[in-house]
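Structural overview for review
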Amino acid sequence: MKKIILTITLMLSSIFSEEVYVELNKKSLENNFNSYLKKDIEKTEQNIKKTNTVKKMGLISPILVNYNNTKTEQNSIEVDSENYIISWTQSLWESGGILNKLKYYNKTEEVDLEKLKVLKNQKSAILREILKNIQDISLRIKQNRLNEKNKQIELTAMEENYRNGLIDIFMLNNVIIEKETIDNQLIDLKIAKLNLEKELKKDFSIIDIHSISLNHYLFPKEQIFLNNFKLSVERKKIELYDIEGEMNKSKYRPNLSFNTSYSEDLNSNIENYTYGLNLSMKFHPNMVKEKELNKVKVLKQKNKYEDELNKMKIIYKIEKEKSKIIKEKEDNLKRIINILENKIKAIKEDVANGLRTQIELEVLENSVKKYKIDQVRLKIQRDIIVIRLCS
């Protein structure tokens, strides 16, 4: 099961194949987070496995030791009585009950480990989404600085126009206010980024966020998506309840056990040793009721699984459509960028010929940079859709 830890540089136990996620570039993050997951999850995994082992060992009956020392008075005469007995009774055959118990314990372990993978996957998804949000805010800060540059260029031109009497003070003030708004937005974005980094360090202190380089994720195929830990838990519960039903039936079937005992009366030094086989069978009015209750339990779990499966199919289609719409926005931006880049080539020639100013070129180049950042931010939106879908 160690192979389950897939992408984001093995920082999660992914519910999908490598097709779904792309690794982070930094190997240090891979090693750190892999180590972090082991420390955080390994103990719980070991406890689950130990619990299963203890349950299996419980199928071997304990040896009972009983020691008795009593004093009684008969006709004013005190009589001491001292003896001990060692006994052991072991079930040998329970009409399939022993085998069903082993199956039940193993299936319980599978379900518990699968639940642990769900929790681990959710924790990893929280990390990935925080990282993506930090990446997004970093890009917004870059965009804001480009806006600041363009606004500063505009403000310089407005101040020149105001000095030449071409505009009034109100128009100049409007641009100054817009510049201050952009400056304040930059401060707010920096604070927001620091808050996310603080949250990341609080919950994932081993991660060096400044050395992280995130790639983009591919949208999973439906079949891969539906083969996830959450649905796996519900599937395995159906199997678990089926085994539980067979195990309960065995209680009311013939059982064969071996019993032996050794005893000694320490007063008389008389020893007794017995052994033998015991064939028994229970009869109880609840037999039929228990069988019916188990059938209902299995049926409810099957319905729950089908409901979860249908729900996930609907969610998958919705999120896939969202991702498709965002991709269309990316394609539109790509066309706009191509148009603007062609304009930049033409303006560069005009600047060289003295027909346009360098400032006009710089403003347009900054706008293209902003659009390119928008492209990346849209990819991040699609990444977050995949992260939430796969959590």
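Residues numbered from 1 in each chain as written. Predicted model: local features only at pLDDT ≥ 70, side-chain atom pairs only at ≥ 80, totals over all residues. Heavy atoms only, no water.

1. A short note on helix α6 (residues 229-250)
When the terminal C-alpha atoms of α6 are compared, their 31 Å separation across 22 residues agrees well with the 32 Å that a helix rising 1.5 Å per residue should span. The residue sitting at the N-terminus of α6 and contributing the capping side-chain oxygen is Asn228; that oxygen lies 3.0 Å from the backbone nitrogen of Lys230. (Helix = DSSP H or I, 4+ residues; strand = E, 2+ residues; numbered from the N terminus. Expected span 1.5 Å × (residues − 1). Polar contact = N/O pair within 3.5 Å; in protein donor to acceptor, adjacent residues only side chain to side chain.)

2. With respect to the environment of Met287
Positionally, Met287 belongs in helix α7 (residues 287-352). Remark: the alpha-carbon pair of Met287 and Tyr252, spanning 35 residues in sequence, is separated by 7.2 Å. The contact partners of Met287, leaving out residues within four places of it in the chain, are Tyr252 and Lys282. (Contact = heavy atoms within 4.5 Å.)

3. Description of the packing of aromatic side chains
As enumerated under the stated definition, the model contains six aromatic pairs in all. Here the aromatic residues Phe219, Phe225 and Tyr316 are joined through ring pairs into a cluster of three or more. The ring centre of Tyr241 lies 4.5 Å from the NZ or CZ of Lys297, which sits over that ring. (Phe/Tyr/Trp six-rings, centres within 6.5 Å; stacked < 30°, edge-to-face > 60°. Lys NZ or Arg CZ within 6 Å of the ring centre and 35° of its normal.)

4. Things to note about the nonpolar core
Residues Tyr104, Phe225, Leu226 and Leu231 are the most contacted members of the largest nonpolar core, which totals 25 residues. For this core, the elements supplying multiple residues, two or more each, are α3 (97-163), α5 (222-226), α6, α7 and α8 (358-389). If you tally residues by element for this core, the top one is α6, at eight residues. Setting aside chain neighbours within four positions, we find Leu231 in contact with Leu226, Tyr305, Glu308, Leu309 and Met312. The next biggest cluster of nonpolar side chains, apart from the first, holds 10 residues, and it includes Leu127, Ile134, Leu189 and Leu200. (Core = buried A, V, L, I, M, F, W, Y, C linked by side-chain atoms within 4.5 Å. Buried < 20%, exposed > 50% of the residue type's maximum accessible area, 1.4 Å probe, protein only.)

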